[in-house]
Amino acid sequence: MDIDRWSLVDGYIADKLIGGDPALESALAANCAAGLPAIDVSPAQGKMLHLLARLQGARRILEVGTLGGYSTIWLARALSPDGQLVSLELDPGHAEIARANLERAGVGDRVDVRVGQARILLKGMVDEGAEPFDLFFIDADKESSVDYLSYSLQLSRPGSLIIVDNVVREGRIVDPASDNPMVQGIRRLYDAIETTPGLSATAIQTVGAKGWDGFLMLLVGEE
Ligand code: SAH
Ligand code: DHB
Ligand code: MG
């Protein structure tokens, strides 16, 4: 591991390809001031999520795990003005910080932060026959990943894109005997994808300011 060098490279990438962004920087400052953990996606990762949402032509985005809304801002900026992002968050304090950050970023009108257990909120959306989402970003408690995948599939259409964060965990993901519940939760996710027909998936390892981790991406309805 050489996180110092990975961070330097992340800084270089952000400097060359992303640039300063007052709304995103003030969101991170507000999160820090409120004592939120710095487990948001990095700027380079946020921009990647943004580009994927644009490639997808996403009009409806569902995020599981808002924290302070850093990834939410990146994703919401990819929506057309009539688009909508629903973001699910367990902690009311996180949701409150996120709403303020989203307002300041000028995307508050397009984002609906809902507070509660994601599992319950997702079941509610399935039960009420919510319109399918074009893109999902799953980034909450890793122990529940299989449930979040299952509900996302029920809220998807052929061609929907599902992205899952933190699927490598410094390589611990290959240890079947790991006593880490996050690792076991993500391993169950890989197993579920392996045995579900009609999904086309990959995972990409990443290093950077957030250490060594990775994203899983999955296209619904294609072999
Ligand atoms: N997507 C954010 C980071 C999310 S961190 C970003 O990149 O900026 C994970 C978030 O999931 C935390 O805010 C945590 O409170 C929330 N969370 C944890 N368990 C949850 C649950 N059961 N339901 C909904 N949200 C949950
Ligand atoms: C951690 C990192 C994340 O990106 C996340 O969504 C949850 C937890 C972590 O490092 O603990
Ligand atoms: Mg994450």
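Look up: the structure comes first, before these words.
Nothing here was measured: the structure is a model prediction, and the numbers come from that model.

Thresholds, definitions, all that
- Residues numbered from 1 in each chain as written.
- Chains lettered and ligands numbered in written order.
- Predicted model: local features only at pLDDT ≥ 70, side-chain atom pairs only at ≥ 80, totals over all residues.
- Heavy atoms only, no water.
- Helix = DSSP H or I, 4+ residues; strand = E, 2+ residues; numbered from the N terminus.
- Rg over C-alpha atoms; globule rule 2.2 N^0.38 Å.
- Buried < 20%, exposed > 50% of the residue type's maximum accessible area, 1.4 Å probe, protein only.
- Areas by Shrake-Rupley, 256 points an atom, 1.4 Å probe, with all protein chains shown as cover.
- Lys, Arg positive; Asp, Glu negative; His and termini not counted.
- Charge placed at Lys NZ, Arg CZ, Asp CG, Glu CD.
- Donors = N, O, S within 2.8 Å, 3.2 Å for Na, K, Ca; no water.
- Near = heavy atom within 4 Å.
- Polar contact = N/O pair within 3.5 Å; in protein donor to acceptor, adjacent residues only side chain to side chain.
- Nonpolar A, V, L, I, M, F, W, Y, C, P; charged D, E, K, R; others polar.
- Contact = heavy atoms within 4.5 Å.
- Pairing = 2+ DSSP bridges.
- Axes fitted to C-alpha atoms, helices over the stretch in contact; angles between N-to-C directions.

Asker: Tell me about the overall build of the protein chain, and name the residues and values.
Answerer: Of regular secondary structure, the protein chain possesses 8 helices and 7 strands. Its C-alpha atoms give the protein chain a radius of gyration of 17 Å, within 12% of the compact-globule value 17 Å for 223 residues. Principal axes of the C-alpha set define a box for the protein chain whose edges measure 45 × 40 × 30 Å. For the protein chain, the residues scored as buried account for 48% of the 223 residues in total. For the protein chain, the computed accessible surface area is about 10,600 Å², with 55% contributed by carbon and sulfur atoms. Averaging the locations of the 20 positively and 32 negatively charged side chains of the protein chain gives two centres separated by 3 Å.

Asker: Explain the coordination of the magnesium ion (ligand 3) to me, using residue names and the numbers behind them.
Answerer: Note on the magnesium ion (ligand 3): its protein donors are Asp139 (OD), Asp165 (OD) and Asn166 (OD1). The metal-donor distances range over 2.0 to 2.2 Å. Each donor residue of the magnesium ion (ligand 3) lies on the same chain, and together they follow the pattern D-x25-D-N. On the criterion of sequence distance, the pair formed by Asp139 in the loop between β4 (135-138) and α7 (145-154) and Asn166 in the loop between β5 (161-165) and α8 (181-195) is long-range, its members being 27 residues apart. Considered together, Asp139 and Asn166 belong to a single accessibility category, that of buried residues.

Asker: Summarise the site of ligand 2; cite the residues concerned and give the values.
Answerer: Around ligand 2 lies a shell formed by Ile39, Asp139, Lys142, Asp165, Asn166, Arg169 and Met182. At a separation of 2.6 Å, an oxygen atom of ligand 2 approaches a polar side-chain atom of Asp139. A distance of 3.1 Å separates an oxygen atom of ligand 2 from a polar atom in the side chain of Lys142. Relative to its unbound accessible surface of 290 Å², ligand 2 loses 70% to contact with the protein. Per-class residue counts for the shell around ligand 2 are 2 nonpolar, 1 polar and 4 charged.

Asker: Describe in detail the side chain of Asn101, supporting the description with residues and values.
Answerer: With respect to the helices and strands, the residue Asn101 is situated in helix α5 (residues 92-104). Excluding its chain neighbours within four sequence positions, the residues that come into contact with Asn101 are Ser26, Ala27, Ala30, Asn31, Gly68 and Ile73.

Asker: I'd like a description of α7, backed by residues and values.
Answerer: An α-helical turn contains 3.6 residues, so any two residues separated by three or four positions project in the same direction. Every buried residue of α7 is listed here: Ser145, Tyr148, Leu149, Tyr151 and Ser152. Looking at the buried positions of α7, the neighbouring elements they touch are β1 (60-64), α6 (118-127), β4, β5, α8 and β7 (211-220).

Asker: Can you lay out the site of ligand 1 for me, pointing to particular residues and giving the numbers?
Answerer: Surveying the vicinity of ligand 1 reveals 20 residues, the closest of which are Gly65, Ser71, Glu89, His94 and Asp139. Between Leu67 and ligand 1, the recorded distance is 3.3 Å, taken from a backbone N or O atom to an oxygen atom. Protein contacts shield 90% of the accessible area of ligand 1, which totals 580 Å² for the unbound molecule. Here the residues of the shell around ligand 1 sort into 9 nonpolar, 6 polar and 5 charged.

Asker: Got a sec to walk through the sheet that holds strand β3 (residues 111-115)? Specific residues and values, please.
Answerer: What the 7 strands build is an open sheet, ordered β3-β2-β1-β4-β5-β7-β6; its pairing is mixed. With one partner strand each, in any of the chains shown, β3 and β6 (199-208) form the two edges of the open sheet. Here the average twist between neighbouring strands, direction ignored, is 15 degrees. Relative to β7, β5 runs antiparallel, the two being bridged by 5 bridges. Each residue of the ladder has a partner; that of Asp165, found in β7, is Phe215. Of the strands in this sheet, β1, β4, β5, β6 and β7 touch helix α3 (residues 43-55), which is tilted by about 10 degrees from β7. In the packing of α6 onto the sheet, the strands contacted are β1, β2 (84-89) and β3, and the crossing angle to β2 comes to about 140 degrees.

Asker: I'd like a rundown of the pairing of β5, residues and numbers included.
Answerer: Most of β5 is tucked away, with 5 of its 5 residues classed as buried. Every second residue of β5 is oriented toward a common face, with Leu161, Ile163 and Asp165 on one face and Ile162 and Val164 on the other, all of them buried. Bridge count between β4 and β5: 4 bridges; the pairing is parallel. For Leu135, the partnering residue across the bridge sits in β5 and is Leu161.

Asker: Requested: an account of the environment of Tyr151, with residues and values cited.
Answerer: Within the secondary structure, Tyr151 is located in helix α7. Taking the relative accessible area as the measure of exposure, Tyr151 reaches 16% and is therefore buried. Distance in space between the C-alpha atoms of Tyr151 and Ala209 is 31 Å, their sequence separation being 58 residues. Once residues within four sequence positions are removed from consideration, Tyr151 is found in contact with Arg119, Leu122, Lys123 and Val126.

Without other data, these values stay purely geometric and don't point to any function.
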